[in-house]
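# Remarks on the overall topology
Chain residues, written in single-letter form:
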Amino acid sequence: MSAAAASLREGDELPPVTITPDLAMAIRYCGLTWVFVPFFYDVEAARAQGMPGTLVPGPIKLGLIERVIEEWLGDGGFVRHVRAAHRRPDITGRPITIHGRVARVFEEDGKRRADLEIIIQNVQGEPSVRGFATIEFFA
Amino acid sequence: MPESSLITDDVRSLVGTATAPVRAQLSRRAVERAMDTFLGMRHPPAPEEGQRAPGYALAALEPEPERVELPNLMPNSLLISNEWQFERPLVVGEEISMVTRISDINERFGGRFGYSIYFRSDVEFSDASGALVARSVRTMMQYDAADAREGGEE
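Position labels on residues start from 1 in each chain and follow its written sequence. Throughout, the order in which chains and ligands are written sets their labels, letters from A for the former and numbers from 1 for the latter. Only residues with pLDDT of 70 or above have their local features reported here, since the model is predicted, and side-chain atom pairs are shown and tallied only from 80 upward, although totals for entire chains, interfaces and linings are computed over all residues. Side-chain calculation: all heavy atoms of the structure are included, whereas hydrogens and water are not.

## Considering the layout of surface pockets
Put simply, the rule is: Residues are said to line a cavity or pocket when one of their atoms sits within 4 Å of a point; the points come from a 1 Å grid over protein atoms alone, cavities being sets where a 1.4 Å probe fits but cannot get out and pockets being open sets with protein on both sides within 12 Å along at least five of seven lines. Grid points are joined across faces, edges and corners, and a volume is the space filled by probe spheres set on the points. Only DSSP runs of H or I covering at least 4 residues are called helices, and only runs of E covering at least 2 are called strands; the numbering of each starts at the N terminus. Any residue outside Ala, Val, Leu, Ile, Met, Phe, Trp, Tyr, Cys, Pro, Asp, Glu, Lys and Arg is labelled polar, Gly included; the first ten of those are nonpolar and the last four are charged.
When its volume is computed, the second largest pocket comes out at roughly 320 Å³. Considering the residues around the second largest pocket, the lining is formed by 14 residues, among which A:Glu70, A:Glu71, A:Asp75, B:Pro54 and B:Tyr56 are closest to the centre. Within the residue set of the lining of the second largest pocket, elements represented by two or more residues are helix H5 (58-73) of chain A together with helix H2 (28-39) of chain B. Sort the elements by how many residues they give to the lining of the second largest pocket and H5(A) lands first, with 3 residues. Class assignment for the residues of the lining of the second largest pocket results in 8 nonpolar, 1 polar and 5 charged.

## Description of the nonpolar core
Our working rule: Working definition of a nonpolar core: buried Ala, Val, Leu, Ile, Met, Phe, Trp, Tyr and Cys residues. They are joined through side-chain atoms within 4.5 Å. A 1.4 Å probe rolled over the protein chains alone gives each residue an accessible area, and that area as a share of the maximum for its type sets the label: buried under 20%, exposed over 50%, partly exposed in between. By definition, residues are in contact when any of their heavy atoms lie within 4.5 Å.
Counting 55 residues, the largest nonpolar core has A:Ile65, A:Ile69 and A:Ile135 as the members making the most contacts within it. Broken down by element, this core gets its largest block of residues, 8 residues, from H5(A). Residues contacting A:Ile69, with those up to four places away along its chain left out, are A:Leu14, A:Val79, A:Leu116, A:Ile118, A:Ala133 and A:Ile135. Counting 9 residues, the second-largest nonpolar core is a separate cluster that includes B:Ile7, B:Met74, B:Ile102 and B:Phe119.

## Here we look at the sheet that holds strand E5 (residues 132-143) of chain B
Heads up, the rule is: The pairing criterion for strands is at least two bridges between them, as found by DSSP. Lines are fitted to the C-alpha atoms to define the axes, a helix being fitted only along its stretch in contact, and any angle between axes, read from their N-to-C directions, falls within 0 to 180 degrees.
Within the open sheet, the 10 strands sit side by side as E1(A)-E3(A)-E4(A)-E5(A)-E2(A)-E2(B)-E5(B)-E4(B)-E3(B)-E1(B). Their pairing is antiparallel. Each of the sheet's edge strands pairs with one partner strand only, and the pair in question is strand E1 (13-19) of chain A together with strand E1 (22-25) of chain B. Across the sheet, the mean angle from the axis of one strand to that of its neighbour is 25°, orientation sign disregarded. Both strand E4 (residues 116-126) of chain B and E5(B) contribute to a ladder of 11 bridges, which runs antiparallel. Pairing of B:Ile117 across the sheet is with B:Gln142, part of E5(B).

## Section: the pattern of salt bridges
Opposite charge on two side chains permits pairing when their charged atoms draw close. The condition is simple: By definition here, a salt bridge exists when the distance from a side-chain nitrogen of Lys or Arg to a carboxyl oxygen of Asp or Glu is within 4 Å.
If you walk through the whole model with that rule in mind, you get 21 salt bridges over all chains. A salt bridge links A:Arg83 to B:Glu83, with the shortest nitrogen-to-oxygen separation between them at 3.1 Å. In this pair, A:Arg83 sits in strand E2 (residues 77-86) while B:Glu83 sits in strand E2 (residues 76-86), so the two residues belong to two different chains. In this structure A:Arg83 comes out as partly exposed when scored by relative accessible area, which is 26%. A salt bridge links B:Glu124 to B:Arg135; the nearest nitrogen and oxygen atoms lie 3.0 Å apart. Pair noted here: B:Glu124 is in strand E4 and B:Arg135 is in strand E5, with a separation of 11 residues, a long-range link. Salt bridges linked by common partners bring A:Arg80, A:Glu108, A:Asp109, A:Arg113, A:Glu136 and B:Glu87 together as one network.

Here's what the structure looks like:
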């Protein structure tokens, strides 16, 4: 577990992580889940929907949130619950930044857990995802 | 925009509809493909069988379960939210049984998208002992783009 995760307190901020989901990532996601929505991989199909480029599949953003929290936790715990409410589309090739803030640290069922508020911001600083997560620390 | 609900008794009766269980293994290769997706093609080796898998490896199992077909009540659809709940970390190589279920259907009159219908579906992932390991929840919205307003957060 990172030192920051070990001494977690309400109001603590997770280090923001910027990722650029590109078209290759979107295509790998389509292959992984066998879901092929044209505007995820075909720029013309995306433009026909009025988008400037192909869209980042929403569930990729859930997976990226989970990944970022898990990397931050290291071996000290796991993500029990993660939710992404999709507010705006993100376009492939444009960076997104995942922010997290500790909303609550608590004991439940004999386990130490914490709720995190999560936001994904696009390059304009607008939230494209509002989410939350609950993490559980290993004893 | 419809003047009355499109959620008929037939549509409402879909709530609780579940598929037959499907079993699949969370193989090391499946975990590797998930790592390729969420980390990029250059990443550390995937964990060995019996070791903890990253949570996002759940995505590698998502094509496995049967799907419950949603009725097309409106011309457009949009993913509103999705979530994963884990009872414990996934383990590389474990066999998982999956059941998909429509858990809720509701509607909203007005708002940025006009009249809209929300379908919530869950996939439950259980291990060989029958214990729940994880749940994936997805809410799709059906709406008519002609009734939607531009811009802003919903």
